[in-house]
Amino acid sequence: MLRAAFAAVILALAALPVAAVPVAELVAEKARDSFGPELPEDADFRITLQSAGISEAELISAFWMDRATGQFLANAVRADGGVTRLQGLAILTLEVPVPLRKMMPGEMLREADLQMVELPYARLGSFALTDSARLIGKEVKRMLPRGRPIMAQSVAEPLVIARGDKVSIEFDDGRLALSAPGRALGDAHRGQEVRVVNLVSNALVTGIARADGRVEIIR
């Protein structure tokens, strides 16, 4: 009896009408499927329909898309069982941080300098930075236009040591602590290796740049 009751429930559910869904949502779902694992995280699609004739459908029975241009063709199945041909654009977009003003080399990026805007993914390029949290505190190396994506090569960690700076060379292994004056032979940001000359022994050493002009020697 339980098997018969279960079968009756399945048949009853199958007889229920499928809820209609906005065609833009159905097209966006198919567009996401066409990208598969290559779809960037947090990306979305901006759907533009050309003379669709319908606003809702039960499903998409066929779908073709040119990923380079976003042009698509689709067959939408209506509630009455008929099929309507859809065409339009499914543009892949991504929210990215852009400067609120023109920023010049030497300036430091702050949270107040950035806003998130939705842009076509095809316009971003492989070097565009998409995580605003990773930009805060970076130093501008190349002029940043207002409202344009920020390229990785246009920003960098701020320098804590510049070539020619006097530094403190420090070594501490827990048993022995030594320090000596030195001069940097190159630029370095925090955590970067830098070569320095020991002004006492005139020896060249390589250490890790720390804050306040310190260079830590690590064996």
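Keep in mind it's a predicted model, so treat the numbers as computed, not measured.

Side note on the overall build of the protein chain
- Of the regular secondary structure elements, the protein chain holds two helices and 16 strands.
- In terms of C-alpha radius of gyration, the protein chain reaches 29 Å, well past the compact-globule figure of 17 Å for 219 residues.
- Within the protein chain, the proportion of its 219 residues that are buried is 32%.
- Element-wise, carbon and sulfur atoms account for 53% of the exposed surface of the protein chain, whose accessible area totals about 13,900 Å².
- Computed over 26 positive and 27 negative side-chain charges, the inter-centroid distance for the protein chain is 7 Å.

Overview of the confidence of the model for the protein chain
- With 91% of its residues at a pLDDT of at least 70, the protein chain reaches an overall mean of 88.
- Within the model, pLDDT remains below 50 along residues 6-16, and this stretch shows zero contacts once partners closer than five positions in the same chain are excluded.

Topic: unusual backbone geometry
- Its identity as a non-glycine residue notwithstanding, Asp42 has a phi of 70 degrees, on the positive side.
- Structurally, Asp42 is set in the loop between helix 2 (23-35) and strand 2 (44-49).
- At Asp212, a position not held by glycine, the phi torsion is positive, near 60 degrees.
- In this structure, Asp212 sits in the loop between strand 15 (204-209) and strand 16 (214-216).

Describing the pattern of salt bridges
- Under the counting rule described, the total for this entry stands at 12 salt bridges.
- Arg67 is paired through a salt bridge with Glu38; the nearest N and O atoms lie 2.7 Å apart. You can see Arg67 sitting in the loop between strand 4 (59-65) and strand 5 (71-77) and its partner Glu38 sitting in the loop between helix 2 and strand 2, a full 29 residues away along the chain.
- The exposure class of Arg67 is partly exposed, given its relative accessible area of 37%.
- Overall, the relative accessible area of 55% leaves Glu38 in the exposed class.
- With its nearest N and O atoms 3.5 Å apart, the salt bridge here joins Arg46 to Glu118. On the criterion of sequence distance, the pair formed by Arg46 in strand 2 and Glu118 in strand 7 (residues 114-120) is long-range, its members being 72 residues apart.

Here we look at helix 2
- Taking 1.5 Å of rise per residue, 13 residues should cover 18 Å, and helix 2 covers 19 Å from first to last C-alpha, within 8% of that figure.
- Considered for burial, the residues of helix 2 that qualify are Val23, Leu26, Val27, Ala28, Ala31 and Phe35.
- Packing partners of the buried residues in helix 2 comprise strand 1 (21-22), strand 2, strand 3 (56-57), strand 4, strand 5 and strand 6 (83-99).

Structural notes on the environment of Asp173
- Within the element layout of this structure, Asp173 appears in the loop between strand 11 (166-172) and strand 12 (177-184).
- A relative accessible area of 38% places Asp173 in the partly exposed class.
- Taking the C-alpha atoms as reference points, Asp173 and Ala62, 111 residues apart in sequence, are found 67 Å from one another.
- A distance of 2.9 Å separates a polar side-chain atom of Asp173 from the backbone nitrogen of Arg175.
- From its side chain, Asp173 meets the backbone nitrogen of Leu176 in a polar contact 2.7 Å long.

Topic: the environment of Arg78
- Relative to the assigned elements, Arg78 resides in the loop between strand 5 and strand 6.
- For the pair Arg78 and Pro120, spaced 42 residues apart in sequence, the C-alpha separation works out to 30 Å.
- Discounting chain neighbours no more than four positions away, the residues touching Arg78 are Ile54, Glu58, Val83 and Thr84.
- In this structure the side chain of Arg78 is engaged in a polar contact, spanning 3.2 Å, whose partner is the side chain of Asp80.
- Of the polar contacts made by the side chain of Arg78, one reaches the side chain of Thr84; its length is 2.8 Å.

Structural notes on the nonpolar core
- Core analysis: the biggest nonpolar cluster contains 24 residues, and Phe45, Met65, Phe72 and Leu86 have the highest contact counts within it.
- For this core, the secondary-structure elements that each account for two or more residues are helix 2, strand 4, strand 5 and strand 6.
- Beyond its immediate stretch of four places on either side in the chain, Phe72 contacts Val27, Ile47, Thr48, Leu49, Phe63, Trp64, Met65, Leu86, Gln87, Gly88, Leu89 and Ala90.

A short note on the packing of aromatic side chains
- Counted under the stated rule, the structure contains two aromatic pairs.
- Between the aromatic rings of Phe35 and Phe45, the centroid separation amounts to 5.7 Å while the plane-to-plane angle is 55 degrees, which identifies the pairing as tilted. With a gap of 10 residues between them, Phe35 in helix 2 and Phe45 in strand 2 connect regions that are remote in the sequence. As far as burial versus exposure is concerned, Phe35 and Phe45 are alike and both buried.

Definitions and limits used
- Residues numbered from 1 in each chain as written.
- Predicted model: local features only at pLDDT ≥ 70, side-chain atom pairs only at ≥ 80, totals over all residues.
- Heavy atoms only, no water.
- Helix = DSSP H or I, 4+ residues; strand = E, 2+ residues; numbered from the N terminus.
- Rg over C-alpha atoms; globule rule 2.2 N^0.38 Å.
- Buried < 20%, exposed > 50% of the residue type's maximum accessible area, 1.4 Å probe, protein only.
- Areas by Shrake-Rupley, 256 points an atom, 1.4 Å probe, with all protein chains shown as cover.
- Lys, Arg positive; Asp, Glu negative; His and termini not counted.
- Charge placed at Lys NZ, Arg CZ, Asp CG, Glu CD.
- pLDDT = per-residue confidence, 0-100.
- Contact = heavy atoms within 4.5 Å.
- Salt bridge = Lys/Arg side-chain N within 4 Å of Asp/Glu carboxyl O.
- Expected span 1.5 Å × (residues − 1).
- Polar contact = N/O pair within 3.5 Å; in protein donor to acceptor, adjacent residues only side chain to side chain.
- Core = buried A, V, L, I, M, F, W, Y, C linked by side-chain atoms within 4.5 Å.
- Phe/Tyr/Trp six-rings, centres within 6.5 Å; stacked < 30°, edge-to-face > 60°.

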